[in-house]
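Single-letter residue listing:
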Amino acid sequence: MSDDSRPSPAEARTESRTAARTAARTAARTAVVIPAAGRGVRLGPGAPKALRALNGTPMLIHAVRAMAASRAVSLVVVVAPPDGAAEVKSLLDAHALPERTDFLVVPGGESRQESVKLGLDALPPDFDIVLVHDAARPLVPVDTVDAVIEAVREGAPAVVPALPLADTVKEVAAAAEPGAPEPVVATPERARLRAVQTPQGFDRATLIRAHETVTDDVTDDASMVEQLGLTVVVVPGHEEAFKVTRPLDLVLAEAVLARRRLNDGF
Ligand code: C5P
């Protein structure tokens, strides 16, 4: 009697390869690097941006908690202002953070890119997935963090959370003389544009290669991977993952926190 439900030897090999890949993905450990060494001059005078308080808690602590909220994240590396590593370390010690997550603090550099590189240099070997998250995005929801990690686990070398744009975007050229209006040179089709947020997620080896290879000034890490010729993919971002840049953003962030407290029933 033949048993049609039994897999052929070729099917069995495929199944076992798939199972091995699934096991490897599940075993992949995830670390987050948080560049927090910027001064945040656009917010006005005062403490470095990451140390400004939102409802009494420093923005950086909100950002660290947002990353540690994901059960997949087992290490968070905070890149502190070059002269502020000790202060950031005591700040982390003074706030309640999840027990299952490890935390490291390293001094940052002159540019965001350099700060991220210094954070990557501090990573222990046993992490295969790295997220890079701006301290200036303190309120990103855990679902967004998990969606980015999942897409890297599924095999994407680089993943960015992004939202469609409300505004039409114009490309401009330099003004003919100082103070003169800038001429518009192009209007990219809005439907094809996305506003990109963080955390951005990477296969660790790819991100390290990008940082070793690309020397141009960039404003995000994914663009360095694009310059390697690899495909970066997008997952849905979230409106609460906005970047705190200008004074009005502080008001908006505190309003989001107040709404969350109401919804949580406090
Ligand atoms: O200046 P911008 O808002 O783009 O900074 C994005 C992130 O990069 C912030 O979290 C900031 O603290 C960080 N940064 C850094 N080192 C620098 C400059 C910026 O870690 N030298």
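Residues numbered from 1 in each chain as written. Predicted model: local features only at pLDDT ≥ 70, side-chain atom pairs only at ≥ 80, totals over all residues. Heavy atoms only, no water.

Undergrad: Can you help me understand the overall build of the protein chain in this one?
TA: The secondary structure content of the protein chain amounts to eight helices and twelve strands. C-alpha atoms of the protein chain, sized along the principal axes, occupy 85 × 50 × 40 Å. Each of the 266 residues in the protein chain was classed as buried or not, and the buried ones make up 42%. When the accessible surface of the protein chain is split by element, carbon and sulfur atoms take 54% of a total near 14,500 Å². Side chains of the protein chain carry 29 positive and 36 negative charges; the gap between the two charge centres is 2 Å. (Helix = DSSP H or I, 4+ residues; strand = E, 2+ residues; numbered from the N terminus. Buried < 20%, exposed > 50% of the residue type's maximum accessible area, 1.4 Å probe, protein only. Areas by Shrake-Rupley, 256 points an atom, 1.4 Å probe, with all protein chains shown as cover. Lys, Arg positive; Asp, Glu negative; His and termini not counted. Charge placed at Lys NZ, Arg CZ, Asp CG, Glu CD.)

Undergrad: What should I look at first to understand the pattern of salt bridges in this one?
TA: Between side chains of opposite charge, a pair can form as their charged atoms come close. Inspection of every chain in the model, using the stated rule, returns nine salt bridges. Within this structure, Arg112, Asp134, Arg137 and Asp221 form a network of salt bridges that share partners. (Salt bridge = Lys/Arg side-chain N within 4 Å of Asp/Glu carboxyl O.)

Undergrad: Could you clarify how one ought to interpret the site of the ligand in this entry?
TA: In the vicinity of the ligand, 15 residues are found, and the nearest of them are Pro35, Ala37, Gly38, Gly109 and Ser115. Separating an oxygen atom of the ligand from a backbone N or O atom of alanine 37 is a distance of 2.9 Å. Measuring from a nitrogen atom of the ligand, one finds a backbone N or O atom of glutamate 110 at 3.0 Å. Starting from 470 Å² of accessible surface for the ligand in isolation, the protein chains cover 83%. By residue class, the composition of the shell around the ligand is five nonpolar, four polar and six charged. (Near = heavy atom within 4 Å. Polar contact = N/O pair within 3.5 Å; in protein donor to acceptor, adjacent residues only side chain to side chain. Nonpolar A, V, L, I, M, F, W, Y, C, P; charged D, E, K, R; others polar.)

Undergrad: Sorry if this is basic, but what is going on with helix α6 (residues 204-213) here?
TA: Owing to its 3.6 residues per turn, the α-helix brings residues three or four apart onto one side. Every buried residue of α6 is accounted for by Arg204, Thr206, Leu207, Ala210 and His211. Considered in projection along α6, the buried side chains sweep an arc of 165° and stay on one side of the axis. Among the exposed residues of α6, those pointing more than 90 degrees away from its buried face are Ala205 and Glu212. The secondary structure elements touched by the buried residues of α6 are α4 (112-121), β6 (129-132), β11 (200-203) and α7 (222-227). (Arc of directions from axis to C-beta. Contact = heavy atoms within 4.5 Å.)

Undergrad: Even after reading the chapter, I still don't get the UniProt feature "site: Positions MEP for the nucleophilic attack" (unreviewed entry) in the protein chain, so can you show me in this structure?
TA: As annotated in UniProt, the feature "site: Positions MEP for the nucleophilic attack" (unreviewed entry) corresponds to Arg190 and Lys243 in the numbering used here. Here arginine 190 is to be found in the loop between β9 (184-186) and β10 (194-196). Here alanine 166 takes part through its backbone oxygen, which lies 2.9 Å from a polar atom of the side chain of arginine 190. Summarising the element assignment, lysine 243 is placed in the loop between β12 (232-236) and α8 (247-263). Leave out the neighbours within four places in its chain, and lysine 243 touches Asp134, Ala136, Arg137 and Asp249. (UniProt positions renumbered as here; feature names shortened; annotations may be inferred.)

Undergrad: In this structure, what is going on with the side chain of arginine 52? I would like to understand it.
TA: For arginine 52, the location among the structural elements is in the loop between β1 (30-35) and β2 (53-54). Here arginine 52 is in contact with Leu43, Gly44, Pro45, Gly46, Ala47, Thr57, Pro58 and Met59, once residues within four sequence places are set aside.

Undergrad: What's the story with the UniProt feature "site: Transition state stabilizer" (unreviewed entry) in the protein chain in this structure? I'm lost.
TA: What UniProt calls "site: Transition state stabilizer" (unreviewed entry) maps, in this numbering, to Arg42 and Lys49. Counting through the fold element by element, arginine 42 comes out in the loop between β1 and β2. For arginine 42, the residues in contact, after removing those within four places along its chain, are Thr245, Arg246 and Pro247. Residue lysine 49 is classed as buried on the basis of its relative accessible area, which comes to 12%. With residues near it in sequence (within four places) discarded, lysine 49 still touches Gly38, Arg39, Gly40, Leu43, Met59, Ala136, Val244 and Thr245.

Undergrad: Just to check I follow, could you spell out the nonpolar core for this structure?
TA: Nonpolar side chains in soluble globular proteins generally cluster together in the buried interior. Of all hydrophobic cores here, the largest spans 33 residues; its most connected members are Ile34, Leu60, Val64, Met67, Val76 and Val78. Secondary structure elements with two or more residues in this core: β1, α2 (59-68), β4 (73-80), α3 (85-94), β6 and α5 (142-153). Beyond its immediate stretch of four places on either side in the chain, methionine 67 contacts Val32, Ile34, Val73, Val76, His133, Val140, Val145 and Pro199. Ranked by size, the runner-up nonpolar core spans 22 residues in total, among them Val77, Leu207, Ala222 and Met224. (Core = buried A, V, L, I, M, F, W, Y, C linked by side-chain atoms within 4.5 Å.)

Undergrad: How do you make sense of the pairing of strand β5 (residues 102-107) when you look at a structure like this?
TA: On a regular strand, one side chain projects to one face of the sheet and the next to the other, so that they alternate. Pairing between β4 and β5: six bridges, direction parallel. Note that in β5 the partner of alanine 80 across the bridge is proline 107. In this fold, β4 hands off to α3, which returns the chain to β5; that crossover is right-handed. (Pairing = 2+ DSSP bridges. Right-handed = clockwise from strand over helix to strand, strands pointing away.)

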